[in-house]
Amino acid sequence: MTVTRRAPGAVAALLLLGAAGCAADPAPADAPAATYRGGGVTVALRLAPGEDGRLFLAATFTPDEAGFHLYSVDLPADGIDGLGLPTRLSVRGGLAADGAVRADRPLRTVSPLGLGVQLPVYPDGAVTVALPVRRTATGPSEAVVSFGACSEQRCLIPVTEQVVPLGTVG
């Protein structure tokens, strides 16, 4: 497991720009605020203003090996018949959710052999999940991620409620 963070001032600058509605970004658009690696997946988190002027926390979940997919954000918390772990993104500390999470990839279903269930997953490879957020307090903020990655042959160790520090807000 590896967690890396960008300097807190850079995260605060992104938050302030997003809150002010500025289009300028002091860091490259693809520069992560924080990165977590575990469960066979790298999660790159970044804060950025959206086209509608709201601030978004985007988390790109990229399986480390080809041929692996992640489960839908809409999968029930306990999976279907106990199978599958939904992809989750939430915030705490100086940030609060300000809307529903959404993914940038279409859903497809997989039917594990002999189990008689259909599970909603994203296509193999990376998926970005975006959560609208708002600043609620000055101080440290954190993202909380959960996910499970599987291929047609095997599943990797799932990650549940992993806290990833984002730095200081405001």
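Residues numbered from 1 in each chain as written. Predicted model: local features only at pLDDT ≥ 70, side-chain atom pairs only at ≥ 80, totals over all residues. Heavy atoms only, no water.

Trainee: Go over the packing of aromatic side chains, please, and point to the residues and values.
Mentor: Both the distance between ring centres and the angle between the ring planes are used here to describe each pair of aromatic rings. This structure, assessed with the given rule, holds 2 aromatic pairs. Taken together, a centroid distance of 6.5 Å and an interplanar angle of 65° make the contact between Tyr 36 and Phe 147 edge-to-face. Here Tyr 36 is found in strand β2 (residues 34–38), whereas its partner Phe 147 is found in strand β12 (residues 139–147), with 111 residues between them in sequence. Measuring from ring centre to ring centre gives 5.5 Å for Phe 61 and Phe 147, while their planes differ by 70°; the resulting arrangement is edge-to-face. Remark: Phe 147 occurs in strand β12 and Phe 61 occurs in strand β4 (residues 55–63); sequence separation between them is 86 residues. Each member of the pair, Phe 61 as well as Phe 147, carries the same accessibility label: buried. (Phe/Tyr/Trp six-rings, centres within 6.5 Å; stacked < 30°, edge-to-face > 60°. Helix = DSSP H or I, 4+ residues; strand = E, 2+ residues; numbered from the N terminus. Buried < 20%, exposed > 50% of the residue type's maximum accessible area, 1.4 Å probe, protein only.)

Trainee: A description of the side chain of Ser 72 should follow, citing residues and the corresponding values.
Mentor: Looking at the element boundaries, Ser 72 is found in the loop between β5 (69–70) and β6 (88–93). Judged by relative accessible area, Ser 72 falls into the buried class, the value being 0%. Here Asp 74 takes part through its backbone nitrogen, which lies 2.8 Å from a polar atom of the side chain of Ser 72. When residues no more than four places from it in sequence are discounted, the contact partners of Ser 72 are Pro 86, Thr 87, Leu 107, Pro 120, Val 121 and Tyr 122. (Polar contact = N/O pair within 3.5 Å; in protein donor to acceptor, adjacent residues only side chain to side chain. Contact = heavy atoms within 4.5 Å.)

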